[in-house]
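Analysis of the macromolecular model
Each chain is listed here by its residues.
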Amino acid sequence: LPKNTQRLPNFDELEPVGTIYTSKLDIAPRQFDQGFPGISDRYEWFGIRYTTTVYIDIPGKYRFRLNSDDGSKLIIDGKTVIDNDGQHAPLEKRGEIVLEEGVHEFVIEYFQGPRYQIALQLFVTPPGGEEEIFALE
């Protein structure tokens, strides 16, 4: 991303330079020099778009918490559930959505601005459950 990027880019206008696979987003706030898992040559000015489909077997209201440094968004079935965009220190935002049983498309967009710190964590509280890191395991 261009130096001094302030907001999430339009990922549809960018050409990917690599692929990262993960089953969960649990990069707790830490110093930038520890690096971002899966990215070996950048500490600042990059963006990531994670996409997956999730089968929901318990319908109901799902609560999410997204913690990031810098900007991030959680989009489910094309609807922005959490907008935590902008250049900022580790910051969490919350959102909720009612999900029916079946397959749903999840997109998490993220960008890292200037060095200093990195963070990207997605938590979920399912209907009647306790909060935990959102994982596809």
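Given the structure is predicted, the values throughout are model-derived calculations rather than measurements.

**Remarks on the packing of aromatic side chains**
- According to the stated counting rule, one finds four aromatic pairs in the structure shown.
- Summarising the aromatic geometry, the rings of Phe64 and Phe106 are spaced 6.0 Å apart at their centres and angled 70° between planes, so their arrangement reads as edge-to-face. In this pair, Phe64 is assigned in strand S3 (residues 60–69) and Phe106 in strand S7 (residues 102–112), connecting sequence segments 42 residues apart. By the burial criterion, Phe64 is buried, and Phe106 matches it.
- Linked through ring pairs, Phe64, Phe106 and Phe134 together constitute an aromatic cluster.

**A closer look at the sheet that holds S7**
- Ordered in space as S2-S7-S4-S5, the four strands form an open sheet in which the pairing is antiparallel. Of all the strands in the sheet, just strand S2 (46–56) and strand S5 (79–84) have a single pairing partner and so form its edges. Here the strands of the sheet are splayed against their neighbours by 15° on average, with no regard to which way each runs.
- Relative to S7, S2 runs antiparallel, the two sharing eleven bridges.

**Structural notes on the nonpolar core**
- Formed by 27 residues in total, the largest nonpolar core has its most connected members in Phe36, Phe64, Leu74, Ile76, Phe106, Leu120 and Leu122.
- At the level of elements, S2, S3, strand S4 (72–76), S5, strand S6 (91–99), S7 and strand S8 (117–125) are the ones that each hand at least two residues to this core.
- At five residues, the largest contribution of residues to this core is made by S2.

**Topic: the pairing of S4**
- Burial analysis of S4 places four of its five residues in the buried class, the great majority of the element.
- Bridge count between S4 and S5: five bridges; the pairing is antiparallel. Of the residues in S5, the one forming a bridge with Lys73 is Asp83.
- Two successive antiparallel strands, S4 and S5, enclose a turn made up of two residues, where Asp77 displays a positive phi of approximately 50°.
- Note that S4 and S7 share five bridges and pair antiparallel. Looking across to S7, one finds that Ile75 is bridged to Val107.

So, how was this worked out
Residues numbered from 1 in each chain as written. Predicted model: local features only at pLDDT ≥ 70, side-chain atom pairs only at ≥ 80, totals over all residues. Heavy atoms only, no water. Phe/Tyr/Trp six-rings, centres within 6.5 Å; stacked < 30°, edge-to-face > 60°. Helix = DSSP H or I, 4+ residues; strand = E, 2+ residues; numbered from the N terminus. Buried < 20%, exposed > 50% of the residue type's maximum accessible area, 1.4 Å probe, protein only. Pairing = 2+ DSSP bridges. Axes fitted to C-alpha atoms, helices over the stretch in contact; angles between N-to-C directions. Core = buried A, V, L, I, M, F, W, Y, C linked by side-chain atoms within 4.5 Å.

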